[in-house]
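# Observations on the model geometry
Take a look at the letters that make up each chain.
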Amino acid sequence: MTRVLVSGATGRLGAPICAAVAAADDLVLAGRVARSLGNGDGFPTLAEAIAATGADVVVDVTRPDAAEPHCVAAIAAGVPMVLGTTGMDADACGRVDAAARAAGVPVLSCPNFAITAVLMMRLAAEAARVLPDAVIVEEHHVNKVDAPSGTAKRTADLLEEASGRRPPISSLRLPGVVANQSVVFGAPAQTLEIRNVTTGLEAFVPGALIAARRVGALGPGLHVGLELVLD
Ligand SMILES: NC(=O)c1ccc[n+]([C@@H]2O[C@H](COP(=O)([O-])OP(=O)(O)OC[C@H]3O[C@@H](n4cnc5c(N)ncnc54)[C@H](OP(=O)(O)O)[C@@H]3O)[C@@H](O)[C@H]2O)c1
């Protein structure tokens, strides 16, 4: 049984991840972390929760400003980390990678846990090999803290690797939207749109559990993309 600590446990995404971990036959919800928790219902800090529970893995879905300190706390304790939180900048990613390598701990950053998003990124990278002119349009709910989204930045990285050209990103924040992204390609007299749509946060939960089960098998350092632990 893998003992999973969920950081951001009271959030829109953290709460359904906690419920799914608790319901899974092979996982145990070792503890819940959020600043508003304490007094027996959870832990206000991740470091305290790791020390108290001895969890096997942390799944973090909090806020961009908590991402690096939470990675550092997990690495310092030698606990593999799944980072679902988006918005950690490149410098912080470099520091987390160096610390994780030095400590021999795997950290898996998943900008998007939804299987349709993973496929959208893979198919878009494939299309970019022959269609280098592209734009990314990402759409999220109005409470999203970071922009552009982690998925959009990851998609731009993949397209740049494939075509040598970095696509521009447009970010829309609208009521009624959960998390959608289109990658639109253009060529003379033709366009191609690759789009993924999520209508509820349950889209992200199975991927978060797969990452929690498999992050421990990765080597030390910061890894990016759920696809690294998919069959
Ligand atoms: N990877 C993916 O597929 C995916 C999908 C959707 C969202 N996300 C990302 O996941 C993150 C959470 O999104 P959400 O919509 O669930 O946000 P949310 O509803 O605002 O929830 C944030 C959670 O984090 C806790 N929190 C915030 N700062 C904290 C800190 N310093 N220490 C401990 N807990 C802290 C909050 O509780 P307190 O305020 O009580 O601390 C709350 O439980 C965001 O970065 C979002 O972009 C990723």
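Being a predicted model, the structure only gives us computed values, none of them experimental.

## Notes on the nonpolar core
Of all hydrophobic cores here, the largest spans 49 residues; its most connected members are Val-4, Ile-17, Phe-113, Val-183, Phe-185 and Leu-209. Looking at this core, the elements with two or more residues in it are β1 (2–7), α1 (14–23), β3 (57–60), α5 (115–128), β6 (134–140), α6 (150–163), β8 (179–187) and α7 (205–214). Tallying contributions element by element places α5 first for this core, with 8 residues. Residues lining this core come from more than one domain, with at least three contributed by each of domain 1 (2–111 + 203–229) and domain 2 (115–200). Listed in part, the 24 residues of the second largest apolar core include Ala-55, Val-79, Ala-100 and Val-107.

## Side note on the pattern of salt bridges
Should their charged atoms come close, side chains of opposite charge can pair. All told, the structure shown has 12 salt bridges when counted by the stated rule. A single network of salt bridges, built from pairs that share partners, joins Asp-157, Glu-160 and Arg-166.

## A closer look at the environment of Ile-210
The topology assignment puts Ile-210 in helix α7. A sequence separation of 19 residues divides Ile-210 from Val-229, and the C-alpha atoms of the two residues are 7.4 Å apart. Once residues lying within four places of it in the same chain are set aside, the contact partners of Ile-210 are Val-229 and Leu-230.

## Quick word on the environment of Asp-146
Relative to the elements of secondary structure, Asp-146 occurs in the loop between β6 and α6. What makes Asp-146 buried here is its relative accessible area of 11%. Only 2.8 Å separates the side chain of Asp-146 from the side chain of Thr-86, close enough to count as a polar contact. Side chain to side chain, Asp-146 and Lys-144 meet in a polar contact 3.1 Å long.

## Regarding the sheet that holds strand β10 (residues 221–224)
The strand order β2-β1-β3-β4-β5-β10 describes an open sheet built from 6 strands, whose pairing is parallel. One side of each edge strand has no neighbouring strand; the edge strands of this open sheet are β2 (27–33) and β10. Averaged over all neighbouring strand pairs, the angle between strand axes comes to 20°, with direction disregarded. Each of β1, β2 and β3 is contacted by α1, which is oriented at about 150° to β2, the strand it contacts most.

## Some details on the domain arrangement of the protein chain
Taken domain by domain, the protein chain comprises domain 1 (2–111 + 203–229) and domain 2 (115–200). On a C-alpha basis, the centres of domain 1 and domain 2 stand 25 Å from each other. Facing 11 residues of domain 1, the contacting portion of domain 2 comprises 14 residues. It is Arg-12, Pro-111 and Glu-227 that lose the most area in domain 1 upon contact with domain 2, and together they represent 39% of the buried surface on that side. Applying the counting rule to domain 1 against domain 2 returns 1 salt bridge.

## A word on the pairing of β8
Pairing between β6 and β8: 7 bridges, direction antiparallel. Bridge assignment links Glu-138 to a residue of β8, and that residue is Gln-181. Bridge count for β8 against strand β9 (residues 190–198) is 9 bridges, and the pairing is antiparallel. Looking at the pairing, Val-184 lines up with Glu-193 of β9. Between β8 and β9, which follow one another and run antiparallel, lie 2 residues, and Ala-189 among them has a positive phi close to 65°.

The rules behind each value
Residues numbered from 1 in each chain as written. Predicted model: local features only at pLDDT ≥ 70, side-chain atom pairs only at ≥ 80, totals over all residues. Heavy atoms only, no water. Core = buried A, V, L, I, M, F, W, Y, C linked by side-chain atoms within 4.5 Å. Buried < 20%, exposed > 50% of the residue type's maximum accessible area, 1.4 Å probe, protein only. Helix = DSSP H or I, 4+ residues; strand = E, 2+ residues; numbered from the N terminus. Domains from an automatic or database assignment. Salt bridge = Lys/Arg side-chain N within 4 Å of Asp/Glu carboxyl O. Contact = heavy atoms within 4.5 Å. Polar contact = N/O pair within 3.5 Å; in protein donor to acceptor, adjacent residues only side chain to side chain. Pairing = 2+ DSSP bridges. Axes fitted to C-alpha atoms, helices over the stretch in contact; angles between N-to-C directions. Buried area = accessible area lost by both parts, 1.4 Å probe.

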